[in-house]
Each structure stands twice: as C-alpha cells, then as structure tokens.
Amino acid sequence: MSSPAIPTRTRTSVAVIGAGPAGLTVANLLRAAGVDCVLVEAESREFIEQRPRAGFMEEWAVRALARHGLADRLLERAETQAEFEFRFGGARHTVRTAELSGRRHFVYPQPLLVTDLVAAYVDRAAGDARFGVRDVQLHDIDGERPAVSYRDPSTGARHLIECDLIAGCDGARGVTRAAIPDGRAVLTRYDHGVAWLALLAEAPPSADGVVFGIHERGLGAHMARSPDVTRYYLQVAPGEDPGNWPHDRVWDELRIRLAASGARPLTEGPLVEKVVLDMHNYVVEPMAYGRLYLAGDAAHLVAPIAAKGMNLALNDALLLADALIAHHRGDDSGLAGYSEACLRRVWQYLEFSQWLSEVLHGASSGDRFRAGTASARLRRLLASESAAKAFAGLYIGEEADL
Ligand code: FAD
C-alpha cells in the first residue's frame, strides 16, 4: 500500500506498470544501471508473492537472471528436469530432453521468483515501488509529457508520475495495452478451442517430472512443483464450471487419463486451486506506441500448453531493460528494434505451442484427421532422433532467437 508520505507528483525516467516477472525484471535492471524508475502495482506485495501460476523456467532465462545477480535463491532451491513422459495407449514413452538438447528446465514456482525479485528491488536496492494502487491511467503517451497517474486507496489522493518512457508490464488484464489508440497496433488472436482445468494439489508428485496423458477423453497432465505440491491439468470444454469437478471426479479422471503400465499410482491430496483456463493466445504488433513499450502478457498471451508465457515475459524484460538503459545513455537503436526483436521469439513459441496443442488434443478432438496427424507427429518424435532433437530444443527453449 502506498504511504501518505509519497508526494502527489513525482518525476522519474521510466514508469513501470505491473510487478509481475516482466515489470520486476525491468525495474531491477534499471535500478542496477542507475536509471531512475517507479514501479506501480495494483495488488498488495503479499498478494503477488503468493499468486500461483507458472513453474517452468528455461535455462537461458535462469542464466540471464543469474548474470544480473537475480537468481541466487532460484539456483539454490530449484529442481531441474531432464526428461518428461508421454503416456498413451496404456504405455509410457520418455523423452530425454536434456540429453537431446544439452539444456534443462528449472522448476521454480512463479510466486517464489516474484518474491525474490521484489526483495531485490525493494529491500536490497531501495527501489520506489507503489503497491495496491487503484485506477491507473496513462497520459500523453505519444507526446512530449508522458505520465502515469493512479489513486492511492488509503488517502484517496491522486498521484502523478511524470516520466520519459513507460514500460507496460501489467499482464493480460492490465490497462496499458488498451492505451494504444485504435489502428496503431494489430491484435491477433488464436483460440485452441479447448480449456484446461488447472489444479494445484497439496500432494507430493506421483512421477519424477512432467507427464502428458494423451487420451480420447481429453488430456490429463501432471507437473511436479515441489515435494509437497503438484500441478495437474484436465482438458475440459471451454467455459466449463470448475464447480462441476468435485474432488472425487477430478482424481478418478486423472487416474484414467494418466494410466499406463508400470506408472506409480497417483497420490491424492486436497485441491487448493481449481480454475478453468480457456486455451487462447493473442499478440499485439508492434509492442510499442509513442513512449509506451509493452512487455510480457500485456503484449502477448501464450496459452500455458508449452509453459512459455513467463519465459517470454522475461525475454521481453531483458531486451526492454537493455534498450531503456541504452536510451538513457543516448542510444535509441534498442528501443527502435525492441518490438521486432521480441516478436521473433514470440512467434516461434506460439508456433511450438500450437504444434504441441495438436499433439496433446488431437486424440480427443473427435476429428479423425486431427487424431491421425497428432498420432503421426508423436510416432515421428518418439522414433526419429533428429525429430526428437528439434522438438527438445523448442521444448526447453533456444538460447538464440530464430
Ligand atoms: P503478470 O505476471 O500477469 O504480471 C502483471 C502484473 O501487473 C500483476 O502483478 C498485476 O497485478 C499487475 N497489474 C494488472 N493490472 C494493473 C494495473 N492496471 N495497474 C498496475 N498493475 C497492474 N509460463 C511459463 O513460462 N511457464 C509455466 O510453467 C507457466 N505455467 C502457467 C500456469 C498457469 C496456470 C498460468 C495461468 C500461466 C502459466 N504461465 C507459465 C504463464 C505465466 O504465468 C505468465 O506468462 C506470466 O505471469 C507473465 O508475466 P508478466 O509479468 O507479463 O505478467
């Protein structure tokens, strides 16, 4: 919550909106480079430090955070995963992704990453962060005097942050994307036509890593998160009410969809999160307008099919921070190329996500053509080393953009 001592008018170089992985990374990097910034966040610090979401981080992203001194606790605590399993037709098929790609996934729950990044910015670097703000508005984003304003709910006062540039990192439901006038950016959507019931179980994992159970009743997935918490997904119809999925129905269905000979039985536990996510994507092009630069889910949403969203948010944030720091030193080339540089990776990851979606959902599509091609993709991936290598590179995430 903002303190009443905060002046109602502040001048800074960069206003960063949103304290998710993208905004916090930008703010930390700016602060470390001596570029003045103010971070505003609609939720409380406690809330964002507990909001469950992602878990899989790609190795290049972890290494990049480590280079900036932002991954000490992550490197100490995160598990790494070297393989995952497809299950179908009652059998288990392991894909050894680390052996194939030379890289691993790090499993580190998003709330822990957010907690680390908030601590680095607020506690260690004494960065200016304003939590729990209301009614954030952007002003004059294509003019000479850009600014961000918000209302402090504890005093009712409106605060104005005058700035040179704005980093719009406020996620899928934020306000910055909507500040771009009609006709100045194109928003492209793609809907996978399915939804996932996302579940967090207070139960130890029932397999070593990720398991995708491909079944004609729909996908069932298992993802180890920590020794006591496991994420599960069940494919459901779009718009499904999570209330239709009581405890016993969830576990019965998971057992059917994840069944395979030799598999460990599932360890049940209370379901502490149960939300339905429609699997859809969008991309805003370009990711910038005037003095506003979008990063992360504010600019592009990638359905969590291939666990790419937070990794993309970090890629944008690293590029944006570099470009903002260069601008501060008089070089605007990074800002000029920012959108195009981000979108190269965004489209690669969207394409991979769509490819994997077909593999995972083809069998349950009710369409013989889709089921046949999905099964052909799976057989190729499991039988051909070159196909498996190409897959593993995309699944774990490439170091360089294609
Ligand atoms: P966010 O994390 O959404 O942060 C935006 C911040 O802005 C929030 O703190 C929000 O409160 C704040 N905000 C919103 N509106 C305003 C406003 N008006 N003013 C000020 N602040 C505002 N990705 C992966 O890479 N790997 C995974 O394993 C993975 N698993 C996922 C599982 C699930 C169930 C879900 C839902 C997503 C998953 N993702 C995963 C995606 C990942 O969580 C997102 O892509 C990531 O959070 C994007 O980060 P961000 O910083 O862009 O946005």
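Let me begin by describing the structure that accompanies this report. (Residues numbered from 1 in each chain as written. Predicted model: local features only at pLDDT ≥ 70, side-chain atom pairs only at ≥ 80, totals over all residues. Heavy atoms only, no water.)

## Here's the deal with empty space enclosed by the protein
To keep it simple, the criterion reads: A cavity, in this analysis, means grid points on a 1 Å lattice covering only the protein atoms where a 1.4 Å probe fits yet has no way out; a pocket is instead an open set bounded by protein on both sides within 12 Å along at least five of seven lines, and a residue lines either one if it has an atom within 4 Å of a point. Grid points are joined across faces, edges and corners, and a volume is the space filled by probe spheres set on the points. Polar here means any residue other than Ala, Val, Leu, Ile, Met, Phe, Trp, Tyr, Cys and Pro, which are nonpolar, and Asp, Glu, Lys and Arg, which are charged; Gly is therefore polar.
For the coordinates displayed, the defined rule picks out two cavities of 30 Å³ or more. Taken as a whole, the second largest cavity spans an internal volume of roughly 40 Å³. Lining the second largest cavity, in full, are F56, Q81, A82, E83, F84, T97, H105, V210, Y395 and I396. In terms of residue class, the lining of the second largest cavity is built from six nonpolar, three polar and one charged.

## Some points on the nonpolar core
Soluble globular proteins tend to bury their nonpolar side chains together. Our working definition: Grouping buried Ala, Val, Leu, Ile, Met, Phe, Trp, Tyr and Cys residues that are joined through side-chain atoms within 4.5 Å yields what is termed a nonpolar core. To sort residues, take the accessible area from a 1.4 Å probe on protein chains only and compare it with the maximum for the residue type: under 20% means buried, over 50% means exposed, and anything in between is partly exposed. Comment: elements are numbered from the N terminus, with helices defined as DSSP H or I runs of at least four residues and strands as E runs of at least two. Pairs of residues are marked as contacts when any of their non-hydrogen atoms sit within 4.5 Å.
In terms of nonpolar packing, the biggest core is built from 80 residues, with V16, V26, L30, M57, L74, L113 and L320 touching the most fellow members. The element contributing the most residues to this core is helix α8 (residues 309-328), with eleven residues. Among all residues touching V26, those that are not within four sequence positions of it are V16, A167, C169, A317, L320, A321 and L324. Membership of the second largest hydrophobic core comes to 32 residues, among which are V107, L219, M279 and Y395.

## A look at the site of the ligand
Counted only if it meets this: Any residue with a heavy atom lying within 4 Å of a molecule or strand is counted as near it. Polar contact criterion, stated in full: a pair of N or O atoms within 3.5 Å, where within protein one must be able to donate a hydrogen and the other to accept it, and residues adjacent in sequence count only if both atoms are side-chain atoms.
Within the structure, the ligand sits among 35 residues, and E41, R51, Q110, D297 and M310 are positioned closest to it. Within the side chain of R53, one N or O atom sits 2.8 Å away from an oxygen atom of the ligand. One nitrogen or oxygen atom from the main chain of G309 is found 3.4 Å from a nitrogen atom belonging to the ligand. Elements with a minimum of two residues in the shell around the ligand: α1 (21-32), β17 (230-236) and α8. Among the elements that line the shell around the ligand, the one with the most residues is α8, at four residues. Grouping the constituent residues of the shell around the ligand by class yields 18 nonpolar, nine polar and eight charged.

## Some remarks on the sheet that holds strand β11 (residues 147-151)
Under the convention used in this document: A pair of strands counts as paired when DSSP detects no fewer than two bridges linking them. Think of each axis as a best-fit line through the C-alpha atoms, taken over the contacting stretch in the case of a helix, with angles from 0 to 180 degrees between the N-to-C directions.
The strand order across the open sheet built from four strands is β1-β12-β11-β10, with neighbouring strands paired in mixed fashion. The sheet is open, and its two borders are formed by β1 (9-11) and β10 (134-139), each paired with just one other strand. For this sheet, the mean angle separating the axes of adjacent strands, direction not counted, is 15°. Two elements, β1 and strand β12 (residues 158-162), share three bridges in a ladder whose sense is parallel. In the strand pairing of β12, T10 is matched with I161.

## With respect to the sheet that holds strand β8 (residues 105-107)
The sheet built from three strands is open, its strands ordered β4-β8-β5 with antiparallel pairing. Two strands lie at the open edges of the sheet, namely β4 (56-58) and β5 (79-81), each paired on one side alone. The mean inter-strand angle of the sheet, taken between neighbouring strand axes irrespective of direction, is 35°. With three bridges connecting them, β5 and β8 associate as antiparallel partners. Bridging from a neighbouring strand, Q81 pairs with H105 of β8. Helix α3 (residues 59-67) rests against β4 and β8 of the sheet, and its axis sits at about 75° to β4.

## Notes on the pairing of β12
In terms of strand pairing, β11 meets β12 through five bridges, oriented antiparallel. The residue of β12 that forms the bridge with S149 is L160. Between β11 and the antiparallel strand that follows it, β12, lie six residues; G156 among them carries a positive phi value of about 80°.

## Some thoughts on the packing of aromatic side chains
Formally: The aromatic pairing rule takes the rings of Phe, Tyr and Trp, using the six-membered ring of Trp, and pairs them if the centres are within 6.5 Å, calling planes under 30 degrees apart stacked, those over 60 edge-to-face and the rest tilted.
Within this structure, the stated rule accounts for twelve aromatic pairs. A centroid spacing of 5.7 Å and a plane angle of 80° characterise the contact between F84 and F212, whose relative ring orientation is edge-to-face. Of this pair, F84 sits in strand β6 (residues 84-88) while F212 is found in strand β15 (residues 210-213), placing the two residues 128 residues apart along the sequence. Of the residues examined, F84 reaches a relative accessible area of 3% and is grouped as buried. An angle of 50° between the planes, with centres 4.7 Å apart, marks the rings of W196 and Y233 as tilted. In this pair, W196 sits in strand β14 (residues 186-201) while Y233 sits in strand β17, placing the two residues 37 residues apart along the sequence. Classification of Y233 by relative accessible area gives buried; the value is 5%.

## Comments concerning the pairing of strand β2 (residues 14-17)
The cut-off we apply is this: When the strands point away from the viewer and the connection leading from the first strand across the helix to the second strand turns clockwise, the crossover is called right-handed.
Burial along β2 is two-sided: V14 and V16 and A15 and I17, pointing in opposite directions, are all buried. Relative to strand β3 (residues 37-40), β2 is paired through four bridges, and the arrangement is parallel. Bridged to A15 within β3 is V38. As for the winding sense of the linkage, the β-α-β connection from β2 through α1 to β3 is right-handed. Here β2 runs beside strand β13 (residues 165-168); their pairing, made up of four bridges, is parallel. Across the sheet, residue I17 finds its bridge partner in β13, namely G168.

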